[in-house]
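Examination of the molecular architecture
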Amino acid sequence: MTMYAALLRGINVGGHKRVPMAELRTLLTELGHGDVRTHLQSGNAVFSSASDDENALAAELEQAIEERFGFPVPCLVRDGAYLAGTAAACPFPAAELEGRQLHITYYDRPVDAGRFARIDPAAFLPEEFRLGDRALYLYAPGGLGTSKLGDALSRTSVTKDLVATSRNWNTVVKLVEMTSATGAAQDGARA
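Now for a quick tour of the structure. Keep in mind that this is a model prediction, so the values were computed, not measured.

Definitions and cut-offs
- Residues numbered from 1 in each chain as written.
- Predicted model: local features only at pLDDT ≥ 70, side-chain atom pairs only at ≥ 80, totals over all residues.
- Heavy atoms only, no water.
- Buried < 20%, exposed > 50% of the residue type's maximum accessible area, 1.4 Å probe, protein only.
- Helix = DSSP H or I, 4+ residues; strand = E, 2+ residues; numbered from the N terminus.
- Arc of directions from axis to C-beta.
- Contact = heavy atoms within 4.5 Å.
- Pairing = 2+ DSSP bridges.
- Axes fitted to C-alpha atoms, helices over the stretch in contact; angles between N-to-C directions.
- Phe/Tyr/Trp six-rings, centres within 6.5 Å; stacked < 30°, edge-to-face > 60°.
- Polar contact = N/O pair within 3.5 Å; in protein donor to acceptor, adjacent residues only side chain to side chain.

So, on to helix α1 (residues 21–30). Buried within α1 are the following residues: M21, L24, L27 and L28. Buried residues along α1 cover an arc of 115° about the axis, so they all sit on one side. On its buried side, α1 packs onto β1 (2–8), β2 (34–39), β3 (44–49) and α2 (54–69). Count one or two residues on from α1 and you reach G32, which has phi positive near 95°.

In structure tokens, the structure reads:
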């Protein structure tokens, strides 16, 4: 069994696309997944599965959510090893920053630097971004809510045809912990 995180995009924001976490846990269990847990109200769930196909798991979850709740929700599913690898590869000094200052945007597929060619990095300093494996790292000293670079990176001209969803560093660390073998065992012992 592999531990995965399901990253749902755009739910429970401003009262729109309401997906209660208890119902999401029930839905994942009904799909046959084990060790189901959620983190926060913003669309983070972890589960175990015998499948090794992240895309099929995401498509199955998207379909089940639309059937249950009546609206589409883009989902990404990533295994614990990938999440740990992207966290370890962070090009910014995560241990020295507040969680709200650092974000990872996860993409459904690899992206090349050409998508970002119209963005002049010098115009946004001290904010910075770097590309990773199906991910983008954003350093925004004032947080994402006031980030001009974050706005530029999320424009439709940049994200066209991509599924993308962002998490702050605190959530990234928690999801790595929850999808690790020791994190799952500890949570199971607490249940």
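This part covers the sheet that holds strand β5 (residues 102–107). Pairing in this open sheet of four strands is antiparallel, and the strands run β6-β7-β5-β8 from one edge to the other. Pairing within the sheet leaves two strands with one partner each, and these edge strands are β6 (128–132) and β8 (164–168). Sheet twist, expressed as the mean angle between neighbouring strand axes with direction ignored, is 20°. Each of β5 and β7 (135–139) touches helix α3 (residues 80–88); the most contacted strand, β5, lies at about 135° to it. Helix α6 (residues 169–179) rests against β5 and β8 of the sheet, and its axis sits at about 95° to β8.

Counting across every chain of the model gives five aromatic pairs. Each ring, one from F116 and one from F129, has its centre 5.4 Å from the other, and the planes form 50°; the classification is tilted. Note that F116 is positioned in the loop between β5 and β6 and F129 in strand β6, a separation of 13 residues in sequence. With a relative accessible area of 5%, F116 lands in the buried category. Take F129: its relative accessible area is 15%, and that puts it in the buried class.

A few words now on the pairing of β1. Burial of β1 is extensive: six of the seven residues sit out of reach of the surface. In this structure, β1 lies alongside β3, joined through six bridges in antiparallel fashion. What sits directly across from A5, in β3, is V46. Examined bridge by bridge, β1 and strand β4 (residues 75–79) share five bridges and lie antiparallel to one another. What sits directly across from L7, in β4, is L76.

What follows covers the side chain of R37. When you line up the elements, R37 lands in strand β2. Classification of R37 by relative accessible area gives buried; the value is 16%. Within the local environment of R37, its side chain forms a polar contact with the backbone oxygen of M178, the two atoms lying 3.1 Å apart.

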